[in-house]
Structures are given as C-alpha cells and as structure tokens.
Amino acid sequence: MIKEIKENVCRIAKKSYANKLVAGTSGNVSFYDKEKEYMFITPSNVDYELMTPKDIVVLNLEGTIIESESNFKPSSEWRMHAEIYKNKKDINSIIHTHSPKATGFAVVHKDIPIILVEMIPFIGGDIKRAKFSLPGTAELGITAAEALKDRNVCLLENHGVVAVGNNLEQAYIRAVYAEDAAVIYFNALQVGEPVLLSEETNNILYDKYNIKRR
C-alpha cells in the first residue's frame, strides 16, 4: 500500500511538471492516508525529471518523519498541506502548482469568476483567493483551507494555486481546469468584457451536479 501511494504521488508530480503546471522544483503533491494518519508528500528541492517513488517522504501531520528512503526532507510546504487536511476533512489529496495564468491572477489579487460551465462541477464555482501568508508556514494552510471551504481550488496571493480532491487524479484534473479557466478568462479580458454565467444558469448547474451553494 505504501509503495503504491508513493508511486501515485510521484506520477502525479511528474505529470504536473510535464504539463507545465510547475517549473523547476516548485510546487508539491501529497496524499493523506486517514486510517494510518500518514501524509505522503514530494521531497524538497528535487528535480521532477529525476524524482522516483523512493523519494516521496512519509510523515504525520505534526511533521514527524515516518519514512524517507532517500533521506530527503519533505516539501517546505508540508505545513500548508497538513493544515488543509486538518481543516478540510473530506479530502485526501492536494496539489500545489504555480501554473502561469492562474498564478498571474493570484499576483494581481483577482478572483476568477464563473465564466465556464465546467467550473461548477470541477471547482465548485469561482476561484477564490487565500490571503497572503509566508510560504512554509502553517498560516498559509489555514488561509488556504478557509478559501477552500466550499471550493476545490483556490489561489494563493502572490504565490500559486492549490487544488484538492478525494484522490490524486481528481486533485490533478481540478488544477488543470483551474489553469484552463485562467487562460480563457485572461484571453477574454484582452478581447473585451467577459460575460459571466447568469445566476439562473448557475443555480441550474448547481442543482444538476448536486452541489450545495454556501
């Protein structure tokens, strides 16, 4: 089980790099085993192209390392991941990216409104911002969890994007849709004033996908 989880975390991390959701060694991916209370997370400062499943670090939500086969340190953002898991009990996977267009909106402190039908089933609505907190801190996770209270994706001001899910693939695809929405919204802004989906349409879609509005 541990081996399989490590393989999946590594696979999603490499996939996010290959699809340009991250650059260099930025970003991180984690999975939380609620039964064992183990968090599996990508290592700190390791080239994605060289990363192997053995490099994935296992620790608990307090930061105690359970296993590190390659003797790497966990991602510097492990505290952010831990706080999100503590505050958002319905998920067990997190991906943090620096996808360019979505992060651009995070830098100018601008939420991404509901411009696409897909944003409701995949993201839960618009993409909100988490207030700026220093990287590597627990506070960053607390502010992110607040922005994720009724969403599956949020922007981190002047930092990047966080997407969550019930499994790694779900978190990943939500991160992909967040960047897709950001690209389309950015392009629309260059052409004119984007037309948002109406409240009536939004209500129909929330009902269709059985998503509760808060």
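Residues numbered from 1 in each chain as written. Predicted model: local features only at pLDDT ≥ 70, side-chain atom pairs only at ≥ 80, totals over all residues. Heavy atoms only, no water.

(A) Geometry of helix α1 (residues 2–18). In a regular helix each residue adds 1.5 Å, so 17 residues correspond to 24 Å; α1 covers 24 Å between its end C-alpha atoms and thus fits that length. All buried positions along α1 are accounted for by I5, K6, V9, C10, I12, A13 and S16. Buried residues along α1 cover an arc of 160° about the axis, so they all sit on one side. Opposite the packed face of α1, turned more than 90 degrees from it, sit the exposed residues K3 and A18. Those residues of α1 hidden inside the fold are in contact with β1 (28–33), β2 (38–41), β3 (57–59), β4 (65–67), β5 (93–97) and α6 (168–191). Immediately beyond the C-terminal end of α1, within one or two residues, lies K20, with a positive phi of roughly 60°. (Helix = DSSP H or I, 4+ residues; strand = E, 2+ residues; numbered from the N terminus. Expected span 1.5 Å × (residues − 1). Buried < 20%, exposed > 50% of the residue type's maximum accessible area, 1.4 Å probe, protein only. Arc of directions from axis to C-beta. Contact = heavy atoms within 4.5 Å.)

(B) Structural context of unusual backbone geometry. Phi at N45 takes a positive value of approximately 60°, unusual for a residue other than glycine. Within the element layout of this structure, N45 appears in the loop between β2 and β3.

(C) Looking closely at the packing of aromatic side chains. Tallied over the entire structure, the rule returns four aromatic pairs. Note on Y17 and Y48: the rings are 5.5 Å apart at their centroids and 15° apart in plane angle, and the pair reads as stacked. Residue Y17 is located in helix α1, and its partner Y48 is located in the loop between β2 and β3; the two are separated by 31 residues in the primary sequence. Residue class for Y17 comes out partly exposed when judged on its relative accessible area of 27%. Note that K101 overlies the ring of F186, its terminal NZ or CZ placed 4.7 Å from the centroid. (Phe/Tyr/Trp six-rings, centres within 6.5 Å; stacked < 30°, edge-to-face > 60°. Lys NZ or Arg CZ within 6 Å of the ring centre and 35° of its normal.)

(D) Highlighting the side chain of D55. Among the secondary structure elements, D55 is positioned in the loop between β2 and β3. Within the buried set, D55 has no salt-bridge partner at all; the shortest N-O distance to an opposite charge, 7.6 Å, is to K14. Looking at D55, its side chain comes within polar contact range of the side chain of S70, at 2.6 Å. What D55 contacts, discounting residues up to four positions off in sequence, is P43, V46, L50, S70 and F72. (Lys, Arg positive; Asp, Glu negative; His and termini not counted. Salt bridge = Lys/Arg side-chain N within 4 Å of Asp/Glu carboxyl O. Polar contact = N/O pair within 3.5 Å; in protein donor to acceptor, adjacent residues only side chain to side chain.)

(E) Spotlight on the environment of L148. Relative to the helices and strands, L148 resides in the loop between α5 (138–147) and β7 (153–156). Overall, L148 belongs to the buried group, its relative accessible area being 0%. Sequence separation between L148 and A163 is 15 residues, and the spatial gap between their C-alpha atoms is 8.6 Å.

(F) Region of the structure containing the pairing of β5. Of all five residues in β5, five are buried, a share of seventy percent or more. By the alternation rule, side chains of β5 split into S93, I95 and T97 and I94 and H96, which are all buried. Across four bridges, the pairing between β1 and β5 is antiparallel. Bridged to F31 within β5 is S93. Where β5 meets strand β8 (residues 160–165), five bridges bridge the pair, whose relative direction is antiparallel. Opposite I95, over in β8, you have A163 as the bridge partner. (Pairing = 2+ DSSP bridges.)

(G) Local environment of α6. In this model α6 runs 35 Å from its N-terminal to its C-terminal C-alpha over 24 residues, within 8% of the 34 Å that 1.5 Å per residue would give. By the burial criterion, the buried members of α6 are L168, A171, Y172, R174, A175, A178, E179, A181, A182 and Y185. Residue N167 occupies the N-cap position of α6, its side-chain oxygen lying 3.3 Å from the main-chain nitrogen of E169.

No statement about biological role is implied by the geometric values presented.
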